[in-house]
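This is what each chain is made of:
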Amino acid sequence: MSFKTTTAALLLGNVLLFTACSGDGTASNQNETNQSTDENQTDMKDENSSVDNTSEDMNADDGSREDDGDSSGKTDNDTNSENEDIQKQEYDSAGEAAAQIEGYERVDQTNIDLGHGIKGLQEGAAGHEYLYWNEGRWLIKVNFPTDPHYRIDGYDGAEDMARKVVDYLEENYLPAPDEKGVIQINGFKEHPETVVKWQEGKTVYTIISKEKEPFNALETAVES
């Protein structure tokens, strides 16, 4: 009887030991499986992060190229703005272009010496003082008020302005019109103006300045 009890106890012990060992193995395998899954997820996150960074770098490069394109556009605009002080108009014939130069005349009768061999005609009417003269194919007209209160500052009248213009043109040469050119200088303080207009072939060139001094417009014509 004692032998059977002892045998049964040993069998039960072996069963419990085997069961315990089997449970530890299963838990160990599950831990290893979970660890492997976590590592795979970590690797996938790292790869996704690398892809995102690459996309950001590519977008940054695209932005830089767009900026370069804008800069080129500004440069083109700056180039197109050159020579805007001279207006240019084309006509069907040289005769039609010459007809656009209004008010031109030859000053044959003179009564004032402006220096440098240039003589002009000076006259007045209704509060205006006029002075005309020719230089080559150009007619130059100066219009000043007789009342000093209305004159632009720095000039005593039409003669003073005319002499300064003649002095300037003695050293600075205007373009030579094919047939005619006209310069009109207005010396009224409230609305000063200088208009330079001449014809070359089928083209008429015009310069208009609202400055009280005529020399900016004259310089533009000289440099043309």
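It should be emphasised that the depicted structure is a prediction, and the values quoted were computed from it without experimental measurement. (Residues numbered from 1 in each chain as written. Predicted model: local features only at pLDDT ≥ 70, side-chain atom pairs only at ≥ 80, totals over all residues. Heavy atoms only, no water.)

Focus on the environment of Ile183
You can see Ile183 is positioned in strand 6 (residues 181-186). In this structure the C-alpha to C-alpha distance between Ile183 and Tyr132, which are 51 residues apart in sequence, comes to 10.0 Å. Once you skip the residues sitting within four places of it in the chain, Ile183 turns out to touch Trp138, Leu139, Ile140, Lys141, Leu174, Val195, Val196 and Leu218. (Helix = DSSP H or I, 4+ residues; strand = E, 2+ residues; numbered from the N terminus. Contact = heavy atoms within 4.5 Å.)

Quick look at the sheet that holds strand 7 (residues 193-200)
Taken in spatial order, the 8 strands line up as 1-8-7-6-5-4-3-2 in an open sheet, and their pairing is mixed. The sheet is open, and its two borders are formed by strand 1 (87-90) and strand 2 (112-115), each paired with just one other strand. Each strand of the sheet is rotated relative to its neighbour by a mean of 20°, with strand direction disregarded. As paired strands, strand 6 and strand 7 are joined by 6 bridges and run antiparallel to one another. Paired with Ile183 across the bridge in strand 7 is Val196. (Pairing = 2+ DSSP bridges. Axes fitted to C-alpha atoms, helices over the stretch in contact; angles between N-to-C directions.)

Digging into the packing of aromatic side chains
Tallied over the full model, the rule gives 5 aromatic pairs. Connected via pairs of aromatic rings, a cluster forms that spans Trp138, Trp198 and Tyr205. (Phe/Tyr/Trp six-rings, centres within 6.5 Å; stacked < 30°, edge-to-face > 60°.)

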